[in-house]
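Structural characterization, general
Given next are the chains, with one letter for each unit.
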Amino acid sequence: MSVRVRYAPSPTGHLHIGNARTALFNYLFARKHGGSFVVRIEDTDTERNVEGGVESQLKYLKWLGVDWDESINKDGGYGPYRQLERLDIYQQYADMLVEQGLAYKCYCTPEELEAEREEMKARGEDKLHYSRKCLHAPEQDKPYVLRFKVPENEEYTFHDIVKGEVTFRSEDIGDWVMMKNNGIPTYNFACVIDDHLMAITHVLRGEDHITNTPKQLMVYKALGWNAPTFGHMTLIVNDQNKKLSKRDFSILQYIEQYQELGYLPDALFNFISLLGWSPEGEEEILSHDEFIEKFDEARLSKSPAKFDKEKLTYINNRYIKELSIEETVELCMPHLIAEGILDGKDEDWVFSLVSVFKDRMSYGKQIVELYDEFFEQEFTLDQEMTAFLAQEGVNETLLAFKELLIDVDEFTAANIKPLIKQTGKISGAKGKLLYMPLRIATTASMHGPDLPQVLALLGKETVIERLESVIQ
Ligand code: GLU
């Protein structure tokens, strides 16, 4: 039997990093086993669907490099792939279950259900399950939902790829709604019908769905179908080990945000693949194909996946370092243009700017931050820098350097570079006492990229002005 897995987003928003991870692991699993990866749109919660949600999900999956074999735009013979286009299918199975006495019509109104729950609470009951008042109710000319009749004293045990053996007891689950009064199924019911009809062999999804699994298992059993193999991936947590909340703005959670900032899709793919999974061996920087080749579901982590921002930065930086200058310029260009940094600058200037900062970057827009840091900040020295410049002989060093620079016609890094050495010869300063004052007095910083290159980018006028402001 060939492997078939699915990613089943609800189009309630943009592609979230947690969902992207689910998609990615399913994709890797399918590719690893030569199977099929299906994207099914679970849009039955109509009030939560957002306009453009489906397109956005697919667009950013594609951007990440997660491609599918079947979906709404690619029929593989198992469609339709959008749940709202499958309502007659669900109805057919729901009717079957009602006929067999495995599901029933419930006419209770939301108010009645609420009152019932309040009474149960007042009586001190801990399980607020539906009372089954309508289990044997006569046919009525009123709106109704269909409830699944949860079998008594059943145990639902399954072998989870991540968690091992998991058991739920039916007494912990009340009769749940499988079809709403508008003929639209609920998630747990639709999911089973679709997974079965789409011949899904493995369901890999987030741990937040594990309590749904017993409900789904009872539907499989009621319909006489074999259930797929399940794997529930641990949650993604922040550095305080708290589940990622959509309100946590310290972590970018939507793939769209990464794309906008000029992250490289392959780098993000690499980072996400390590959220709750690790390859054998030490190397964590792997190509797309290596991830496919090395993916092993047995290595899905059993503890929560920490979203490590430093690792995100590190991995993305590694990928940028691999780019050519031309590719990096291309990545930075839209951001430089948007910020008006290129006004009055020529191509050479852009290439120098990018080559100076390339190795420090993790994403395209960072060039703007680095540019601001080095070129736009007010030129002010802190105490440590002032103290450094106050050392004996420093003033002479700065003076000598300035005099040499004044005579430079073409203010390029290549022309500036030898002048540093020459300054040393004139003033007698060596090592840190030579380099540091020059850096501080021109950039108001004690570290940074190659000084001649930075000076060339700053331009002669600014550099001389800064030196003069510091020289006593
Ligand atoms: N539509 C569900 C979600 O977005 C899918 C759950 C599943 O994979 O079964 O969470």
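Since we're looking at a predicted model, the values are computed, not measured.

1. Observations regarding the site of the ligand
Taken together, the residues surrounding the ligand are Arg6, Ala8, Ser10, Glu42, Tyr187, Cys191, Arg205 and His209. With respect to the ligand, the side chain of Arg6 contributes an N or O atom lying 2.7 Å from an oxygen atom. One of the backbone nitrogen or oxygen atoms of Ala8 is found 2.8 Å away from a nitrogen atom of the ligand. Relative to its unbound accessible area of 290 Å², the ligand is 84% covered by the protein chains. The cavity that encloses the ligand is the largest pocket.

2. Notes on the layout of surface pockets
Considered as a void within the structure, the largest pocket measures approximately 1,100 Å³ in volume. Lining the largest pocket are 37 residues, and of these Ser10, Asn19, Asp208, His209 and Lys246 sit closest to its centre. Those elements that place two or more of their residues in the lining of the largest pocket are strand S1 (4-7), helix H1 (17-32) and strand S8 (202-206). Ranked by residues supplied to the lining of the largest pocket, first place goes to H1 with 4 residues. Looking at the lining of the largest pocket, its residues break down into 10 nonpolar, 17 polar and 10 charged. Taken as a whole, the second largest pocket spans an internal volume of roughly 230 Å³. If you trace the second largest pocket, you find it lined by Gly344, Lys345, Asp346, Asp348, Trp349, Ser352, Phe411, Thr412, Ala413, Gln453, Ala456 and Leu457. Each residue belonging to the lining of the second largest pocket can be placed in one class, and the counts come to 5 nonpolar, 4 polar and 3 charged.

What counts, and at which threshold
- Residues numbered from 1 in each chain as written.
- Predicted model: local features only at pLDDT ≥ 70, side-chain atom pairs only at ≥ 80, totals over all residues.
- Heavy atoms only, no water.
- Near = heavy atom within 4 Å.
- Polar contact = N/O pair within 3.5 Å; in protein donor to acceptor, adjacent residues only side chain to side chain.
- Areas by Shrake-Rupley, 256 points an atom, 1.4 Å probe, with all protein chains shown as cover.
- 1 Å grid on protein atoms, 1.4 Å probe; cavity = no way out; pocket = protein on both sides within 12 Å on 5 of 7 lines; lining within 4 Å.
- Sits in = over half its atoms within 2 Å of the grid points.
- Points joined across faces, edges and corners; volume = space filled by probe spheres on them.
- Helix = DSSP H or I, 4+ residues; strand = E, 2+ residues; numbered from the N terminus.
- Nonpolar A, V, L, I, M, F, W, Y, C, P; charged D, E, K, R; others polar.

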